[in-house]
Every structure is written in C-alpha cells, then in structure tokens.
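Read off the chains here:
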Amino acid sequence: MLKRLAVLFAVLALVAAACGGSDDSSDTTTTTAAEGDSSGQETIDTGESTLATVVARGKLICGVSGSAIGFSVSDDTGNSVGFDADYCRAVAAATLGDATAVEFRDLTAAERFEALKNGEIDVLIRNSTWTQSRDADIGVQFATTTYYDGQQILASTDAFPGLSTESGIADIDGATVCVNAGTTTEKNITEGAQVNGITITLETYEDTAGTQEAYLAGTCDVYTTDGSGLFAFRSAQGQLENADAANWVIFPGAPISKEPLGPVTRQNDDAWFDIVNWTVFATFIADEAGIDSTNVDGMMDDTPELTRLFGGDGELQTAMGLNADAFLQVIKQVGSYGEIFENTLTGPLGLERSGPNLQWFDGGLIYAPPAR
Ligand SMILES: N[C@@H](CCC(=O)N[C@@H](CS)C(=O)NCC(=O)O)C(=O)O
C-alpha cells in the first residue's frame, strides 16, 4: 500500500513536469563496424563482459525514459518509479543482490540505442518496441517482452462527437495529430492514414512533454502513442482534476499496431543477455506459481523447479555467474510480474492487467521456459 502511494504521489508530482524522448535513430542509421564481426554489423566491444563491469562497479546503470508515466518517472534525487524502473531494480537484485544498486539514466527516444551501444548504459529498459530493424540492424538485442502494448489514439468527444472505443483511424479524417518524433508511433499513424485513405496533419514533437502540452493546448485535436502511454496520460490528468479528461476516448479498442516492450542489451553480449532474460523469466515463474515478495520464503521449495530457481538443489544461477539466490533476491526485493504490474500500473493509474499481459494459461502471452 505504502509503495503504491509513493508511486502515486511521484506520478502526480511529475505529471505536470512530464518530459520525454524524441527522434529515434534506430530505423535509419546502419553504422560501420567499429570493432565488427564478419557480418559488418557494428559490435561494441566493451572489453569486458557487462556482468564483470557491473559487479566491478558495484551498481547497474539502467537506461530509462524518465518521463513515461507508469513506466519510469525520474525525480531530481536520481530515483525513478514505474514498471520499467522496477525491472532495472530486478536486474540489480539478480546481479548484485541489491535492488537499490541502480543508477537511472534518463534518455530520449533518439539517444536510447546509441547510449546502449557505446557502453554508457548496461541495459535499456525504456518502453522500447521490439522491431525487426532494431533487433537486426543496429547491434542491439531485445530480451523477452515485459509489456505487450499497441498503439492507440486519444481524442475528445468535444472535437469528435459520437467518438467511442469502436471508432477507428477513418474517424479522424482531416485531424491534426500530435506525435513523438522518431518513434514507431509516427510511422504507424502515417501508414494507417494511407491505408484508410484519410488525410491527417502530423505535428511532431521532440519529446513527450511537448507532445502532451500541444494536445492540452489544443494545437492538435488527436494524440497518439502506445496505449499504455495514453491511458497513463488520461489517468494522470484526471488525477490533476483536468475536467476535459472525462471526454477523452482511447480508440480503437483493437490497437493499430503491436508494440512489444521489453529490455534491450548489446548484441554479442550473450551471458549478460541471458541474465537479463532470466531475471524477467524469474518474475514470470513466480507469478505463475502465485509467489510474490510476501510469501516466497514459505513457498520457494514447493516444487523442484522453484527450489532450483531460488537457489536450492540443482540451482543454475552460479553457472550464469550469479549468486545461487540471485532470483530469490529479485522476488524478495522487487516482486513477481503480477506484483510489479500492480504496484506501478494498476494501483497508481488503474491500468488493469489484461489480454496478452496475462499468463499463458489465462489466454495471455506471459510465458517462461522451464527453469531446468
Ligand atoms: N514504444 C515506442 C515509443 C512510444 C512512446 O513514445 N511512448 C511515450 C508514451 S508516454 C513515451 O515513452 N514517452 C516518454 C519518452 O519518450 O521518454 C518506441 O519504442 O518507439
């Protein structure tokens, strides 16, 4: 409860000050090989495995947005709260046994992949969509998706009478649309307009603050980005008693794109990639078993798989260069997937866990391979 209140106050304190990312260079640049392998793709050789770098440094440097409400909102003390920020803490708990050993580095959409490739950050956990060009062309590697999102559109029934969640792109013909520069967002809405044979005017902003302020100022009559971002924006504005927010509709019900969001590491950094990936899987397996930070001590030996995962007989963490209880520390200090979702999205913003973000056995896509 206290944690949810802390997140809520942090969100409210920062909503008005929201700032964010811009130009996403991932889709355009093919960098020449600084220290490349045969495929000519740029590979950043940090000279040491990222695990060794983080352990030697005694803290994880994690790239976040810093202004994505619900995902990572950073304050001037260097703390960051939200779903992505919690996964940064989870990687620190797994690697260093201490979820607080994290330095959050706020990055714009344009800066995010460069900062990862040049070793400025150890891992990027910043509402970044897994795409073919990003995964295959620019020297980074996407780990397991932690939030299955999709692009949606936000507009007001004042500007578009009769608007509902059943409305679609075809219903915003002639609109001026606010978007974040260089993200997948801009491309999806441009293609969507072409496919629906409508005309829209794009107003592109370098960061989220600019995009949201333009919408609030009426410079554009439509705002579009990942559905979670729209929901968080409306929820936060509602909490700020912005009466207009009551007339804001998020549509279409079925998003116009797939936006699988998850952690990103450098390519050819496999040992570190496995640590980040299995940190995520550990939160999925705990969630699957109904385990969270409040009951893990009593349930960690309920099955041989849980015993292995939490550091008992047959544990596999030391083979990964981690402490045997690495993933036990993740659940104890940060929580299971369901707990992280509740503490950062559902509790503070009312963003319910549903659809693809449910466990596989509940019809969702949250699925972990067996810990054996
Ligand atoms: N998932 C998209 C980014 C979507 C996006 O821009 N989301 C907004 C939602 S508020 C955001 O992250 N803003 C914060 C920021 O850009 O720092 C991508 O990877 O290109």
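Predicted model, so just to flag it, every value in this text is computed and none were measured.

Asks: Explain the pattern of salt bridges to me, and be specific about the residues and the numbers.
Replies: Under the definition given, this model contains 8 salt bridges. A salt bridge links Arg57 to Asp122, with the shortest nitrogen-to-oxygen separation between them at 2.7 Å. Taken together, the residues Arg57 in helix 2 (residues 50-57) and Asp122 in the loop between helix 4 (112-117) and strand 6 (123-124) connect sequence positions 65 residues apart. Judged by its relative accessible area of 2%, Asp122 falls in the buried class. With its nearest N and O atoms 2.8 Å apart, the salt bridge here joins Asp86 to Arg89. On the criterion of helical spacing, the pair formed by Asp86 and Arg89 is a turn pair, its members being 3 residues apart in helix 3 (residues 83-96). Side by side, Asp86 and Arg89 carry an identical accessibility label, which is buried.

Asks: Outline the packing of helix 3 against helix 12 (residues 326-333), listing residues and values.
Replies: For the pair helix 3 and helix 12, the least separation of the axes is 7 Å and the interaxial angle reads 140°. In terms of orientation, helix 3 and helix 12 fall into the oblique class. Helix 12 is crossed by helix 3, and the crossing has right-handed handedness. Contacts between helix 3 and helix 12 pair Ala90, Ala93 and Ala94 from the former with Ala326, Phe327, Gln329, Val330 and Gln333 from the latter. Residues of the contact of helix 3 with helix 12, tallied by class, amount to 6 nonpolar, 2 polar and no charged.

Asks: Please set out the pairing of strand 10 (residues 176-180) residue by residue, giving values where relevant.
Replies: When a strand is regular, its side chains alternate between the sheet's two faces. Burial analysis of strand 10 places 5 of its 5 residues in the buried class, the great majority of the element. The alternating pattern of strand 10 places Thr176, Cys178 and Asn180 and Val177 and Val179 on opposite faces, both of which are buried. Handedness of the β-α-β unit built from strand 10, helix 6 (residues 184-196) and strand 11 (residues 201-205) comes out right-handed.

Asks: Please set out the sheet that holds strand 4 (residues 80-81) residue by residue, giving values where relevant.
Replies: Strand order in the open sheet made by the 3 strands is 2-3-4, with antiparallel pairing throughout. On the outer flanks of this sheet lie strand 2 (67-68) and strand 4, each paired with one strand and no other. Direction of pairing for strand 2 relative to strand 3 (residues 72-74): antiparallel, over a ladder of 2 bridges. Paired with Ala68 across the strands is Ser72, a residue of strand 3.

Asks: Tell me about the nonpolar core, residues and numbers included.
Replies: One finds Phe83, Tyr87, Trp272 and Phe310 to be the most contacted residues of the largest nonpolar core, which totals 55 residues. Those elements that place two or more of their residues in this core are helix 2, strand 1 (60-64), helix 3, strand 5 (102-106), helix 9 (270-288), helix 11 (304-309), helix 12 and helix 13 (337-349). Element by element, the count of residues in this core is highest for helix 9, at 10 residues. Setting aside residues up to four positions removed in sequence, Trp272 forms contacts with Thr50, Leu51, Val54, Leu60, Val91, Thr95, Asp122, Val123 and Thr265. Within the second largest apolar cluster, 16 residues are counted, among which are Ala155, Leu163, Ala175 and Ile200.

Asks: Give me the sheet that holds strand 9 (residues 151-156): which residues, what numbers.
Replies: Judged by pairing direction, the sheet is mixed, and its 5 strands sit side by side in the order 11-10-12-9-13 without closing on themselves. Since the sheet does not close on itself, it has two edges, and those belong to strand 11 and strand 13 (248-251), each with one partner. Averaged over neighbouring strand pairs, the angle between their axes works out to 25° when direction is ignored. Sheet topology note: the strand 9/strand 13 ladder contains 4 bridges and is antiparallel. Bridging across to strand 13, Ala155 finds its partner in Val249. Running at roughly 160° to strand 10, helix 7 (residues 208-217) makes contact with strand 9, strand 10, strand 11, strand 12 (222-226) and strand 13 of the sheet.

Conventions adopted
- Residues numbered from 1 in each chain as written.
- Predicted model: local features only at pLDDT ≥ 70, side-chain atom pairs only at ≥ 80, totals over all residues.
- Heavy atoms only, no water.
- Salt bridge = Lys/Arg side-chain N within 4 Å of Asp/Glu carboxyl O.
- Helix = DSSP H or I, 4+ residues; strand = E, 2+ residues; numbered from the N terminus.
- Buried < 20%, exposed > 50% of the residue type's maximum accessible area, 1.4 Å probe, protein only.
- Axes fitted to C-alpha atoms, helices over the stretch in contact; angles between N-to-C directions.
- Parallel < 35°, antiparallel > 145°, perpendicular 65-115°, else oblique.
- Left-handed = near helix turned anticlockwise from the far one by under 90°.
- Contact = heavy atoms within 4.5 Å.
- Nonpolar A, V, L, I, M, F, W, Y, C, P; charged D, E, K, R; others polar.
- Right-handed = clockwise from strand over helix to strand, strands pointing away.
- Pairing = 2+ DSSP bridges.
- Core = buried A, V, L, I, M, F, W, Y, C linked by side-chain atoms within 4.5 Å.

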